[in-house]
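# Inside the fold
Letter by letter, the chains look like this.
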Amino acid sequence: MTKYQRAFLIFSLHGLPASKQEEKLNKEIQYFGLSESEKIAEKELILNNFNLGIKNLNVKQLENVIRLANSSNFKNEDLIEKLTFFEVNSKFHSNIQHFLEDYLQANAAIDVSELDNEFFGVQVATRDNFNTLLNQGYTGDWELQPANIDPLRIQIASMNEKGNFPRGYYINADIIDVQPVSYGVKILYRIYFTNPILINSGNRNVKFTRQPVKYIRPIH
């Protein structure tokens, strides 16, 4: 997992009753492409960072320090002063500081092609509902050249501002078929996929180009 993904999960636990935190973590961690053993290790790390960090701030205090850390003239001394004012034990200061750095960096703009450096195939950007795409097993229709897709993999990047799977979420899957669809004189292509994995990149400010289709090939 990246530090941005961990920051997302740590933040998702804040403000929840202790009895609901494990349920929330189990629900969210499934979207990071982890094996079962990796999930166990990451959950332990995230809960430890949460308990030794922002758990010790109430909701309004956390909002306050996020605004403070996001200000243009912010200094680390300002954060320490604020945490001391909130009577937060000094042993939690470092973890809170690291969380804020990672959480705010996840707001930095990244290009859609930077979502997954290990992905190769064709990437499409869509506002379609991810649950619908996963249930129907295809996405489209797209103006593309099927012969240019190498390897036969698809990455579907969310362009949604809100909802269960907003910007930063994407689907990686194997392509099993590409079918032409006629729109009068124009031919578009519908992509059928299998073995989908839904992933949360942890980045909340994904930028998209005007071209919703991008071929991503390995460098030989």
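First things first, this report covers the structure right here in the doc. Every value quoted in this text rests on a predicted model; they were computed, and no experiment measured them. (Residues numbered from 1 in each chain as written. Predicted model: local features only at pLDDT ≥ 70, side-chain atom pairs only at ≥ 80, totals over all residues. Heavy atoms only, no water.)

### Digging into the overall build of the protein
Helices and strands together make up the secondary structure of the protein, namely seven helices and eight strands. If you line up the protein on its principal axes, its C-alpha atoms span 70 × 40 × 35 Å. With 220 residues in all, the protein has 42% of them scored as buried. Nonlocal contacts in the protein, meaning residues at least 24 apart in sequence, comprise 70% of its contacts between residues at least 6 apart. Averaging the locations of the 24 positively and 25 negatively charged side chains of the protein gives two centres separated by 5 Å. (Helix = DSSP H or I, 4+ residues; strand = E, 2+ residues; numbered from the N terminus. Buried < 20%, exposed > 50% of the residue type's maximum accessible area, 1.4 Å probe, protein only. Contact = heavy atoms within 4.5 Å. Lys, Arg positive; Asp, Glu negative; His and termini not counted. Charge placed at Lys NZ, Arg CZ, Asp CG, Glu CD.)

### Looking at the packing of aromatic side chains
Any pair of aromatic rings gets described here by the distance separating the centres and the angle formed by the planes. The final tally for this structure, using the stated rule, is eight aromatic pairs. On the numbers, 5.8 Å between centres and 50 degrees between planes, the contact of Phe85 with Phe86 is tilted. Grouped by ring-pair contacts, the aromatic residues Tyr31, Phe130, Phe165 and Tyr169 constitute a single cluster. Between Arg204 and the ring centre of Tyr103, over which it is positioned, the NZ or CZ distance is 4.1 Å. (Phe/Tyr/Trp six-rings, centres within 6.5 Å; stacked < 30°, edge-to-face > 60°. Lys NZ or Arg CZ within 6 Å of the ring centre and 35° of its normal.)

### What to know about the sheet that holds strand β8 (residues 213-216)
If you walk across this open sheet you meet the six strands as β3-β6-β5-β4-β2-β8, and the pairing is mixed. Each edge of the sheet is formed by a strand with only one pairing partner; in this case those strands are β3 (138-142) and β8. Between one strand axis and the next, the sheet turns through 35 degrees on average, direction left out of account. Sheet topology places strand β2 (residues 121-126) next to strand β4 (residues 153-158); five bridges connect them, and they run parallel. Of the residues in β4, the one forming a bridge with Gln123 is Gln155. (Pairing = 2+ DSSP bridges. Axes fitted to C-alpha atoms, helices over the stretch in contact; angles between N-to-C directions.)

### With respect to the environment of Thr209
Along the chain, Thr209 falls in the loop between β7 (206-207) and β8. Taking the C-alpha atoms as reference, Thr209 lies 34 Å from His14; in sequence the two are 195 residues apart. Of note is the side chain of Thr209, whose polar atom sits 3.0 Å from the backbone oxygen of Gln211. (Polar contact = N/O pair within 3.5 Å; in protein donor to acceptor, adjacent residues only side chain to side chain.)

### Notes on unusual backbone geometry
A cis amide bond links Gly140 with the next residue in sequence, Asp141, at an omega value of 20 degrees. Residue Asp150 is joined to Pro151 through a cis peptide bond whose omega torsion reads 5 degrees. If you trace the backbone, Pro151 turns up in the loop between β3 and β4. A positive phi angle, near 55 degrees, is found at Asn195, a position not held by glycine. Of note, Asn195 is situated in strand β6 (residues 186-200).

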